[in-house]
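# Close look at the chain arrangement
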Amino acid sequence: MEEHTVGWRVRAIRGATTATENSIPAIREAVLELLGEIERRNALDFSEVISVTFSVTRDLDQIFPAAIARECPHWRNIPLLDVQQMHVEGDLPRCIRCLIYFNTPNPDQPIYHAYLRHAQSLRPDLAMHGDCHPLELSSHSLG
């Protein structure tokens, strides 16, 4: 019987944060902090990133998060998409979420999901608290 090994695999990193207000500077600060934390915590090879989807709550409409990401040289050539998060009464206000898909030759590569600021309440199990441990997307719901 022939043994099959998994080669390259598509993985995903989740992240969320909140902006202090609906302004370009506040949204820029939140997006750059979120992407910076994801980059700092994960061994991302930007040539392996497939795409990034950003969603924002309907109370954020001053700038697209993708436009902010494109200001960073290594995000410029990655397909980026902005969408409005479905409105649910009582949802966290001024919330920015992202989902980063990437290919990896190491399917066991640890993934650190970044839930910052007030977005920590969305997924306390995935929030960045000091010295966190990697969490695998496949073992958690997408929240």
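For every chain, the first residue of the written sequence is number 1, and numbering continues from 1 along that sequence. Only residues with pLDDT of at least 70 get local features here, since the model is predicted, and only at 80 or more are side-chain atom pairs given and counted; chain-wide, interface and lining totals rely on the full set of residues. The basis for every side-chain value is the complete set of non-hydrogen atoms in the structure, without hydrogens or water.

## A closer look at helix α1 (residues 24–41)
Compared with the 26 Å implied by 1.5 Å per residue over 18 residues, the 26 Å span of α1 between its first and last C-alpha is a close match. Along α1, the positions that sit buried rather than exposed are Ala26, Ile27, Ala30, Val31, Leu34, Leu35, Glu37, Ile38 and Arg41. On an axial view of α1, the arc spanned by its buried residues comes to 155°, and they lie on one face. Residues of α1 that are exposed and point over 90 degrees away from its buried face: Pro25 and Arg40. By definition, residues are in contact when any of their heavy atoms lie within 4.5 Å. Going along the chain from the N terminus, every DSSP run of H or I of four or more residues is numbered as a helix, and every run of E of two or more is numbered as a strand. Taken together, the buried residues of α1 touch β1 (9–18), β2 (49–56), α2 (65–69), β4 (95–104) and β5 (114–115). To estimate the expected span of a helix, subtract one from its residue number and multiply by 1.5 Å. The buried label applies to any residue whose accessible area, calculated with a 1.4 Å probe on protein chains only, is under 20% of its type's maximum; exposed applies above 50%, and partly exposed to all values in between. For this quantity, the arc is that covered by the directions from the helix axis to the C-beta atoms.

## Some thoughts on the pattern of salt bridges
Only one rule defines a salt bridge in this text: a Lys or Arg side-chain nitrogen within 4 Å of an Asp or Glu carboxyl oxygen. According to the stated counting rule, one finds 6 salt bridges in the structure shown. A salt bridge links Glu71 to Arg28, with the nearest nitrogen and oxygen atoms 2.6 Å apart. One end of the pair, Glu71, is in the loop between α2 and β3 (80–84); the other, Arg28, is in helix α1, with 43 residues separating them in the sequence. Residue Glu71 is classed as partly exposed on the basis of its relative accessible area, which comes to 38%. Judged by relative accessible area, Arg28 falls into the partly exposed class, the value being 26%.

## Description of a nonpolar patch on the surface
A contiguous nonpolar patch, built from Val10, Ile50 and Tyr101 and spanning about 230 Å² of accessible area, is present on the exposed surface. With respect to the element layout, Ile50 can be found in strand β2. The partly exposed category is assigned to Ile50, whose relative accessible area is 33%. The patch calculation keeps residues exceeding 30% relative accessible area without a salt bridge and links them within 9 Å when they carry like charges or within 5 Å when they are nonpolar (Val, Leu, Ile, Met, Phe, Trp, Tyr). Only the protein chains shown count as cover for residues, and the accessible areas themselves come from Shrake-Rupley with a 1.4 Å probe.

## A closer look at the UniProt feature "binding site: prephenate" (unreviewed entry) in the chain
UniProt positions are given in the numbering used here, feature names are shortened, and annotations may be inferred rather than shown by experiment. According to UniProt, the feature "binding site: prephenate" (unreviewed entry) maps to Arg14, Arg97 and Tyr115 in the numbering used here. Sequence-wise these annotated residues cover 102 residues; spatially they are packed, their C-alpha atoms never more than 8.8 Å apart. Looking at where Arg14 falls in the secondary structure, it is placed in strand β1. On the secondary structure map, Tyr115 appears in strand β5.

## Here's the deal with unusual backbone geometry
In the Ramachandran plot, Arg94 falls in the positive-phi region, its phi being about 50° despite a non-glycine side chain. Mapped onto the secondary structure, Arg94 falls in the loop between β3 and β4. Taking the relative accessible area as the measure of exposure, Arg94 reaches 28% and is therefore partly exposed. Positive phi, normally seen in glycine, also occurs at Arg117, with a value near 50°. Here Arg117 shows up in the segment after β5.

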